Amino acid sequence: MDAQHIASAWLTQYSQCLSSNDIEGATNCFTSDGWLRDILVFTWDNRTLHGREKILSYLRENLTRAGLSNLTLEEGQPKYLSPQPSQFGVSFGIAFRTALGPGRGYVNLKSTDDGWKAITALMVLEDLEGYEEAGPELGVYGNHDVAWEDVNRERRAEIESDPYVLIVGAGQCGLVLGARFCQMGIKALLIDKLPRVGDSWRVRHPTLTLHTPRSQHQLLYQPFPSNWPLYTSRDKMGNWLEQYAINQDLVVWTNSQIAFPPSYDADSKKWTVTIDQCDAQKTVHPSHIVCAAGIIGEPYFPEVSGSDAFQGTIIHTGTYPGGAAFAGKRVVVVGAGNTSADFCQDLVAQGVQSVTMVQRSKTCVVGKYPEYTKGLLSGWPDDVPVDVSDLKFVAVSLKFARQMFAARAEELAAVEKELHEGLTKAGLKVYMGEDGSGQLPLVYEKLGGFWVDVGCADLIIAGKVKVKQGVEIAKYEKNTVVFTDGSTLDADAVVYATGYRNIRESMRKVFGNKIIDRTGEVWGLDEEGELKGVYRPSGHPRFWYAGGDLPHARFLSKRLAIELKAMMVGIK
């Protein structure tokens, strides 16, 4: 197979059709069920079109305004994006020009009876012409006679007095967005209610370690050191975020939160935001607000009668202090997702008298080793630039990814067969997603209903963690929990691993109903397979949400930065 020739021939045909406004010809460059994903090339939104009919309609409506030209094979990173055989057939990066600036993309071709056709094509606006990312500065100020300390102080003062963007939340997504804005010349002020950057991680349970490898969860511009652990622990991530904010020259106000719902002036297109900072109040007037407080909001606590009569401890996972606090006690953990599994494992290790996991419905359980880890490392290899891996990842619509996984349902189930048989025998109800597509779609569609196993399954199979399946807690008595099937269980502590409310609802207390009611849903997939609400128009002018996993934060931070920059300079 001559991948170079196949890619060049396809791109020549696609380019000629687009340049001559032959929309039907361009559409026929896709398979009948192909996918075109557009990020700011044709419209100011994230769009995914599935099937020739929708692609045809979309191009007919938007092709002229895009001003596409000079479609070529990617030359900037040929080692990683040159045409290569792939699981689809042939895959390669592309570069092009638009009316607004340079673009890039990634194409996956499939061999058909009518020749090579695109099963997926991603097209992304890479930069605004004349407003590209700054890149590294020289680091010499004045005529070698101005100290960095003075430069930094002056820049900070300018941002604090007149920020163009207020980012609410200085966790990983807020910091990545702030770093991107900094490189795009967008003055961004970050605020966080916690005392230190990174505390959003430090307050989590002591044994927390990320399930994804370091190459996948690295931050923008600043990869982890080569000797960094493959999986990052709670405190190491918190500390890394803290130094990241310093090294990326971000302006962060900690111990700070919005005092009362902000107001938006449609005429001046500015917000008025009063911020409580320690014992003082400060008012700023940004042009945009980005809510980067995450995807999950306040803890979800089911209402159960008799909790006042219960003499034991009732807490949510958000305040779980670690298993040592429950040594020698009888603990019930309500929920059967990632957090519940981690806590049950921790509780056994810390010597509790008994642990019972309460599972209401069913859970997708996958082993962390070896297949889950191998899959992530193949997507984000250590020796490939992360922006290349991210480009390839987003080139495949999440909706199409689910179809691909579902087509491999038998293969995915076979990998987990022994694990699932043991868990089923122990009383846990397991599955591999409604269509057998596994854990990944559940992350983006439901943000729950799964766990990546690192040892809890073995404890369940061995009987060290008991399972109470198909029930919920109906009420509490003095030293007992009563379940909906009438059965009872003596307990000294109940830990609710029942998840969190959506951030949109929790932010009503901060921004008020008037603002939040104008915004749409946050997280999950829309009809086209795009993430709802994040890094795209929210529904309220100049109000945005940012959150989710780090691959999307890294990639889509550029998309949001471009749109805000376009508004700042009057292009949009």
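Below or above, wherever it landed, is the structure these notes cover.

Reading the values: the criteria
Residues numbered from 1 in each chain as written. Predicted model: local features only at pLDDT ≥ 70, side-chain atom pairs only at ≥ 80, totals over all residues. Heavy atoms only, no water. Buried < 20%, exposed > 50% of the residue type's maximum accessible area, 1.4 Å probe, protein only. Helix = DSSP H or I, 4+ residues; strand = E, 2+ residues; numbered from the N terminus. Arc of directions from axis to C-beta. Contact = heavy atoms within 4.5 Å. Pairing = 2+ DSSP bridges. Axes fitted to C-alpha atoms, helices over the stretch in contact; angles between N-to-C directions. Parallel < 35°, antiparallel > 145°, perpendicular 65-115°, else oblique. Left-handed = near helix turned anticlockwise from the far one by under 90°. Nonpolar A, V, L, I, M, F, W, Y, C, P; charged D, E, K, R; others polar. Phe/Tyr/Trp six-rings, centres within 6.5 Å; stacked < 30°, edge-to-face > 60°. Lys NZ or Arg CZ within 6 Å of the ring centre and 35° of its normal.

**Here we look at helix α14 (residues 417-425)**
Every buried residue of α14 is listed here: Leu419, His420, Gly422 and Leu423. The buried residues of α14 all sit within an arc of 160° when viewed along its axis, so they share a single face. Summarising the geometry of α14, the exposed residues directed more than 90 degrees from the buried face are Glu418 and Lys425. Against the buried residues of α14 lie β20 (363-367), β21 (430-431) and α16 (456-461). Just past α14, the residue glycine 427 takes up positive phi, approximately 110°.

**Things to note about the pairing of strand β6 (residues 102-112)**
Counting buried positions along β6 gives eight out of eleven residues, so the element sits mostly inside the fold. In terms of strand pairing, strand β5 (residues 90-97) meets β6 through eight bridges, oriented antiparallel. Across the sheet, the residue bridging to isoleucine 94 is glycine 105, located in β6. Hairpin connection of β5 to β6: four residues between the antiparallel strands. Sheet analysis places β6 next to strand β7 (residues 115-125), joined by ten bridges and oriented antiparallel. Residue pairing in the sheet places asparagine 108 in a bridge with threonine 120 of β7.

**Regarding the sheet that holds strand β19 (residues 354-359)**
Sheet architecture is open: five strands sit in the order β17-β27-β18-β19-β23, paired in parallel fashion. With partners counted over all chains shown, the strands left at the sheet margins are β17 (313-316) and β23 (466-469), one partner each. The average undirected angle you get between the axes of adjacent strands in this sheet is 20°. Pairing analysis gives five bridges linking strand β18 (residues 330-334) to β19, with the strands arranged parallel. Across the sheet, valine 332 pairs through a bridge with threonine 356, a residue of β19. Contacting β18, β19 and β27 (493-496), helix α9 (residues 338-349) crosses the sheet at an angle of about 170° to β19.

**Here's the deal with the packing of helix α6 (residues 172-183) against helix α8 (residues 234-247)**
Running from N to C, α6 and α8 cross one another at 20°; their axes reach a closest spacing of 10 Å. As summarised for this structure, α6 and α8 are arranged roughly parallel, according to the angle between their axes. Once α6 is placed against α8, the crossing between them reads as left-handed. On α8, the residues that touch Gln172, Leu175, Val176 and Ala179 of α6 are Leu241, Tyr244 and Ala245. In terms of residue class, the contact of α6 with α8 is made up of six nonpolar, one polar and no charged.

**Comments concerning the packing of aromatic side chains**
Each aromatic ring pair is characterised by the separation of its centres together with the angle its planes make. Here the structure, examined in full by the defined rule, presents 21 aromatic pairs. Relative to tryptophan 228, the ring of phenylalanine 224 lies with its centre 4.8 Å away and its plane at 15°, an arrangement referred to as stacked. As far as the burial class goes, phenylalanine 224 and tryptophan 228 line up, both buried. The structure contains a cluster of three or more aromatic residues connected by ring pairs, namely Tyr264, Trp271, Phe511, Phe543 and Tyr545. Its end group placed over the ring of tryptophan 228, lysine 236 keeps NZ or CZ at 4.3 Å from the ring centre. Here the basic side chain of lysine 282 rests over the ring of tryptophan 253, its NZ or CZ set 4.7 Å away from the ring centre.

**Side note on the environment of serine 226**
Within the element layout of this structure, serine 226 appears in the loop between α7 (199-202) and α8. Sequence separation between serine 226 and arginine 214 is twelve residues; the distance between their C-alpha atoms is 9.9 Å.

**As for the packing of helix α11 (residues 386-394) against helix α20 (residues 550-568)**
At a closest axis distance of 10 Å, the pairing of α11 and α20 adopts a crossing angle of 95°. Comparing the axis directions of α11 and α20 gives the class roughly perpendicular. Packed against α11, whose contacting residues are Val386, Asp390, Leu391, Phe393 and Val394, the element α20 presents Pro551, His552, Arg554 and Phe555 at the interface. Considered class by class, the residues forming the contact of α11 with α20 number six nonpolar, one polar and two charged.

**A closer look at the sheet that holds strand β8 (residues 165-168)**
The five strands lie next to each other as β10-β9-β8-β15-β29, forming an open sheet whose pairing is parallel. Edge strands, defined here as strands with exactly one partner in the open sheet, are β10 (251-253) and β29 (543-545). Neighbour-to-neighbour, the strand axes of the sheet open up by a mean angle of 25°, direction not taken into account. As paired elements, β8 and strand β9 (residues 188-191) share four bridges and run parallel to each other.

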